[in-house]
Amino acid sequence: MSATRFRRFGAALAAAAGGTSILLVTRPSLSGNDLGPAHDFVGSQISDPNAVVPSRAVQESALIAANSSNPLDILVIGGGATGCGVALDAATRGLRVGLVEREDFSSGTSSRSTKLIHGGVRYLEKAVFNLDYGQLKLVFHALEERKQLIENAPHLCHALPCMTPCFDWFEVVYYWMGLKMYDLVAGRRLLHLSRYYSAQESAELFPTLARKGKDRSLRGTVVYYDGQMNDSRLNVGVACTAALAGAAVLNHAEVVSFIKDKASERIIGAQIRNNLTGNEFDAYAKVIVNAAGPFCDSVRKMADKNAQPMICPSSGVHIVLPDYYSPEGMGLIVPKTKDGRVVFMLPWLGRTVAGTTDSNTTITLLPEPHENEIQFILDAISDYLNVKVRRTDVLSAWSGIRPLATDPSVKNTESISRDHVVCEDYPGLVTITGGKWTTFRSMAEDAVNAAIKSGKLSPSNGCLTHNLRLVGGDGWEPSSFTVLAQQYVRMKRTYGGKVVPGVMDTAVAKHLSHAYGTLAEQVATIAQNEGLGKRLAHGYPFLEAEVAYCARNEYCESAVDFIARRSRLAFLDTDAARRALPRVIEILATEHKWDRSRQKQELQKAQEFLETFKSSKNAQFHDGKHN
């Protein structure tokens, strides 16, 4: 096995980067069973407080330098959770890796999730009633990955109690027994024990929960624990961790065609367009991994126009409501509504997110929620609440497309997989799709294993990602925010241009600590030293300093990148995001040296993007029963 496969990209690219000297990092060669030194080496690279992700120019140069005589080991298409997970896994195995994403990291499905890290409680019900060992394996797998994900990114993930209301004693017994079985199956992976609460106790824990309604009375609730995350920040964290581990990751870069070997017809590279500059270049790789989520069929058709579709797209619609709809630290899950769907209502980043699970949809770049789906969610939750549920309270609404997958190599396509599918139905192109956020790490592991086999690659060690802390996670504690509150001030510019000090209040300190982990002090330093301590939107803890930090350290290249994925303002409150846009663009223009034309273009694109988030202000609706 190679002793020097693991390296920071760009060492061989000094010429392409204008002769800049770049550090070459080597590592000891290790067998797959001796991962301690390799894990420690990679962990120290990622947790180094002085480590900085390579610039966008260096990353692009790394891809350009991957020519036919010196190809990448793996080129990943798609910067969602799975694609970035593949890049991280492969880079930490010592392989030369590149990744391109047409839009931004997490711009598709991965930023539009339920925000839950599921342990697979619904699979357990199917496993028991259908005596299906396959479903039980999914539960074990999801529970293991859930526990690991929370440990690997403790600043972005946490345990969340979820309450299920029961309106007759049979429901109480059924759900209590089911969740106790779930606790038993979880074993050492258990977050906290589930338990029953009386109707009175439930009302104290969840004040807006209705105790009576429609000729029924609340008998009590059963509470169990799942994980919750800040999905797009987690995705960006995986991308930045991959970059620190040596992968050349490039957002806003699109594969426009494949390069094939004339003799064998195997795919050996791709033509890539930088969507920010319009420049096109070729990047060669021994294997290409297609992790394009709902769009993976269009990538497969680029390789073979006769490829059979393997994606069955499913839509999940979510709405955001004010915080008073649910208490902080307690979610509400209704396992079965009138049409059999699950409806949930969860506290998230100081607001309440409510939504449904799967319904059929078509694949589109910017999916929009339909008004009837928003009304369905409002109707469903109003049956369980003692407060007036109003359409005018909807701060934001969005739709995400989940790529449910069928395996093209299997003849029977009746059963759509809830698990993931890895296949190589064209030489040199490995496709990974399906699955869910919770299991993205193990999905990536399977995809890299398949790529190694396909390209006869020689990794210097086995998979390291099982217990690898993501950037910002190592050394983080829930109390870390107190350092920010005690040691930093927020210097704010008044409208007259004068810089005045402000308090680094608890809300802002907690937000920074959870969003950036141990790197939050770098954001606080910018707020203090550069006069960027003002909040971007009234009522939200996002600071101007974050825009500058994300532009410098997180590949934030557009206004939408910031309002939707580096911060979550567009998802939390569409109108607040719209009001913050001019200042966000002003700061990004300073960081990226945009001219007036580019600034105007950014504003227009961001406004068009926000139109797809159906808050009460930009929705055409008849309020009906919600008034």
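Here is what the cut-offs are and how they apply
Residues numbered from 1 in each chain as written. Predicted model: local features only at pLDDT ≥ 70, side-chain atom pairs only at ≥ 80, totals over all residues. Heavy atoms only, no water. Core = buried A, V, L, I, M, F, W, Y, C linked by side-chain atoms within 4.5 Å. Buried < 20%, exposed > 50% of the residue type's maximum accessible area, 1.4 Å probe, protein only. Helix = DSSP H or I, 4+ residues; strand = E, 2+ residues; numbered from the N terminus. Contact = heavy atoms within 4.5 Å. Polar contact = N/O pair within 3.5 Å; in protein donor to acceptor, adjacent residues only side chain to side chain. Pairing = 2+ DSSP bridges. Arc of directions from axis to C-beta. Expected span 1.5 Å × (residues − 1). Axes fitted to C-alpha atoms, helices over the stretch in contact; angles between N-to-C directions. Parallel < 35°, antiparallel > 145°, perpendicular 65-115°, else oblique. Left-handed = near helix turned anticlockwise from the far one by under 90°. Salt bridge = Lys/Arg side-chain N within 4 Å of Asp/Glu carboxyl O.

## A few points about the nonpolar core
Then, in step 1: Of all hydrophobic cores here, the largest spans 132 residues; its most connected members are C157, L234, L512, Y516 and V584.
Then, in step 2: At nine residues, helix α18 (residues 574-592) tops the list of elements feeding residues into this core.
Then, in step 3: For V584, the residues in contact, after removing those within four places along its chain, are L536, V547, A559, F562 and I563.

## Let's talk about the side chain of E544
Then, in step 1: Structurally, E544 can be placed in helix α15 (residues 544-553).
Then, in step 2: Side chain to side chain, E544 and R583 meet in a polar contact 2.8 Å long.
Then, in step 3: If sequence neighbours within four positions are ignored, E544 has contacts with G531, L532, G533, K534, L536, R583 and I587.

## Some points on unusual backbone geometry
Then, in step 1: Although it is not a glycine, L349 sits at a positive phi angle of roughly 50 degrees.
Then, in step 2: Within the secondary structure, L349 is located in the loop between β13 (343-348) and β14 (351-356).
Then, in step 3: The exposure class assigned to L349 is partly exposed, which follows from its relative accessible area of 41%.
Then, in step 4: Of note, the phi angle at K593 is positive, near 60 degrees, even though the residue is not glycine.
Then, in step 5: Summarising the element assignment, K593 is placed in the loop between α18 and α19 (596-610).

## Focus: the pairing of strand β7 (residues 248-251)
Then, in step 1: Burial along β7 is two-sided: A248 and L250 and V249 and N251, pointing in opposite directions, are all buried.
Then, in step 2: In terms of strand pairing, strand β2 (residues 97-101) meets β7 through four bridges, oriented parallel. Looking at the pairing, E101 lines up with N251 of β7.

## What about helix α4 (residues 121-129)?
Then, in step 1: Residues Y123, L124 and A127 constitute the buried set of α4. Projected down its long axis, α4 shows its buried positions confined to an angular sector of 105 degrees, all on one face.
Then, in step 2: In the core, the buried residues of α4 are packed alongside α5 (133-152), α6 (169-186) and β16 (396-405).
Then, in step 3: Positive backbone phi, approximately 45 degrees, marks L131, located one or two places after α4.

## What to know about the pairing of strand β18 (residues 429-434)
Then, in step 1: Of all six residues in β18, six are buried; the element is thus mostly enclosed.
Then, in step 2: Judged from the three bridges that link them, strand β10 (residues 280-290) and β18 form a sheet pairing that is parallel. Each residue of the ladder has a partner; that of N290, found in β18, is T431.
Then, in step 3: Here strand β17 (residues 420-426) pairs with β18 via five bridges, running antiparallel. If you follow V422 over to β18, its bridge partner there is I432.
Then, in step 4: Between β17 and β18, which pair antiparallel one after the other, the connecting turn spans two residues, and G428 there sits at a positive phi close to 90 degrees.

## Description of the environment of Y175
Then, in step 1: Residue position: Y175 is located in helix α6.
Then, in step 2: Each C-alpha atom of the pair Y175 and V222 lies 6.8 Å from the other, and the pair is 47 residues apart in sequence.
Then, in step 3: The residues touching Y175, leaving out its near neighbours within four places in the chain, are T164, C166, V222 and P335.

## Thoughts on helix α8 (residues 231-244)
Then, in step 1: Under the 1.5 Å per step criterion, the end-to-end length of α8 is 20 Å for 14 residues, consistent within 8% with the ideal 20 Å.
Then, in step 2: The buried fraction of α8 is high, at 14 of 14 residues.

## A word on the packing of α4 against α5
Then, in step 1: Packing of α4 against α5 brings their axes to within 8 Å, and their N-to-C directions diverge by 155 degrees. When the axis of α4 is compared with that of α5, the two are roughly antiparallel. Like other packed secondary-structure pairs, α4 and α5 cross with a definite hand, here left-handed. On α5, the residues that touch Y123, L124, K126 and A127 of α4 are Q135, L136, L138 and V139.

## Overview of the pattern of salt bridges
Then, in step 1: Tallied over the full model, the rule gives 32 salt bridges.
Then, in step 2: Between R300 and D297 there is a salt bridge whose closest N-O contact spans 2.7 Å. Pair noted here: R300 and D297 are both in helix α9 (residues 296-303), with a separation of three residues, about one helical turn. In this pair, the class of R300 matches that of D297, namely buried.
Then, in step 3: One network of salt bridges, with partners in common, ties together D104, D561, R565 and R566.

## A word on the side chain of R598
Then, in step 1: Looking at the element boundaries, R598 is found in helix α19.
Then, in step 2: Reaching out from R598, the side chain makes a polar contact with the backbone oxygen of E557 at a distance of 3.3 Å.
Then, in step 3: Every residue in contact with R598, bar those within four places of it in the chain, is listed here: L276 and E557.

## Regarding the environment of A450
Then, in step 1: Turning to its location among the elements, A450 is positioned in helix α11 (residues 440-455).
Then, in step 2: What makes A450 partly exposed here is its relative accessible area of 24%.
Then, in step 3: For the pair formed by A450 and V422, sequence separation is 28 residues and the distance between their alpha carbons is 7.6 Å.
Then, in step 4: Excluding residues that lie within four positions of it along the chain, A450 makes contacts with V422 and V430.

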